[in-house]
Amino acid sequence: MKVEHQGINHKVSSLGKHLSELKQKQRDIETFSPYTWKVTDFWERFRRARNDIEVRIESDSFYVGPQGYKMKLAMYPNGTKEAKNAHISLYIALMKGQYDAILP
């Protein structure tokens, strides 16, 4: 019986620690900083897009806002379909994130 209680106590302690870590992550998310995406070698990438070699460039994923939604950016330096050869197209993609279970 004593061994069973030790196992349960260990699990409760582990769950408490995990919950504490999640609460800290939530606090970290609430004090977010802006995301900066620097596209290196832009003009080379633009040239590659015009030649249909590399038409899409993606950022790393990042968390945004006080809720902590996971997102990433996708850029088409030479545009897409209707805007091809005329505009840069930029998209924001919402992704499945680590904190989805605790988001409103």
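As the structure is a prediction and not an experimental result, all values here were calculated from the model. (Residues numbered from 1 in each chain as written. Predicted model: local features only at pLDDT ≥ 70, side-chain atom pairs only at ≥ 80, totals over all residues. Heavy atoms only, no water.)

(A) Region of interest: the overall build of the protein. A tally of helices and strands in the protein yields two helices and four strands. Ordered by position from the N terminus, the helices and strands of the protein form the series α-α-β-β-β-β. Split into buried and exposed, the 104 residues of the protein put 23% on the buried side. Excluding contacts between residues fewer than 6 apart, the proportion of contacts in the protein whose partners are at least 24 apart in sequence is 41%. Of the accessible surface of the protein, which amounts to about 8,200 Å², a share of 55% is contributed by carbon and sulfur atoms. (Helix = DSSP H or I, 4+ residues; strand = E, 2+ residues; numbered from the N terminus. Buried < 20%, exposed > 50% of the residue type's maximum accessible area, 1.4 Å probe, protein only. Contact = heavy atoms within 4.5 Å. Areas by Shrake-Rupley, 256 points an atom, 1.4 Å probe, with all protein chains shown as cover.)

(B) Main features of the environment of Lys23. Here Lys23 lies in helix 1 (residues 2-30). Among the residues examined, Lys23 registers a relative accessible area of 49% and is labelled partly exposed. Distance from Lys23 to Ile102, taken between C-alpha atoms, is 9.8 Å for residues 79 residues apart in sequence.

(C) Quick peek at the confidence of the model for the protein. Mean pLDDT over the protein: 82, with 85% of residues reaching 70 or higher. Averaged pLDDT values over the elements of the protein bottom out at 72 in helix 1 and peak at 95 in strand 1 (residues 57-58). (pLDDT = per-residue confidence, 0-100.)

(D) Focus on the packing of aromatic side chains. One pass over the full model with this rule turns up five aromatic pairs. Taken together, a centroid distance of 3.9 Å and an interplanar angle of 10° make the contact between Tyr35 and Phe62 stacked. In this pair, Tyr35 sits in the loop between helix 1 and helix 2 (42-50) while Phe62 sits in strand 2 (residues 62-64), placing the two residues 27 residues apart along the sequence. Take Phe62: its relative accessible area is 11%, and that puts it in the buried class. (Phe/Tyr/Trp six-rings, centres within 6.5 Å; stacked < 30°, edge-to-face > 60°.)

(E) Region of the structure containing the pairing of strand 3 (residues 69-76). For strand 3, the tally of buried residues reaches seven of eight residues, placing the bulk of the element in the interior. Both strand 1 and strand 3 contribute to a ladder of two bridges, which runs antiparallel. By the bridge assignment for strand 3, Ile57 is matched with Met75. As paired elements, strand 2 and strand 3 share three bridges and run antiparallel to each other. By the bridge assignment for strand 3, Phe62 is matched with Met71. (Pairing = 2+ DSSP bridges.)

(F) Quick look at unusual backbone geometry. Although it is not a glycine, Asp41 sits at a positive phi angle of roughly 50°. Although it is not a glycine, Asn85 sits at a positive phi angle of roughly 65°. In this fold, Asn85 is placed in the loop between strand 3 and strand 4 (89-94).

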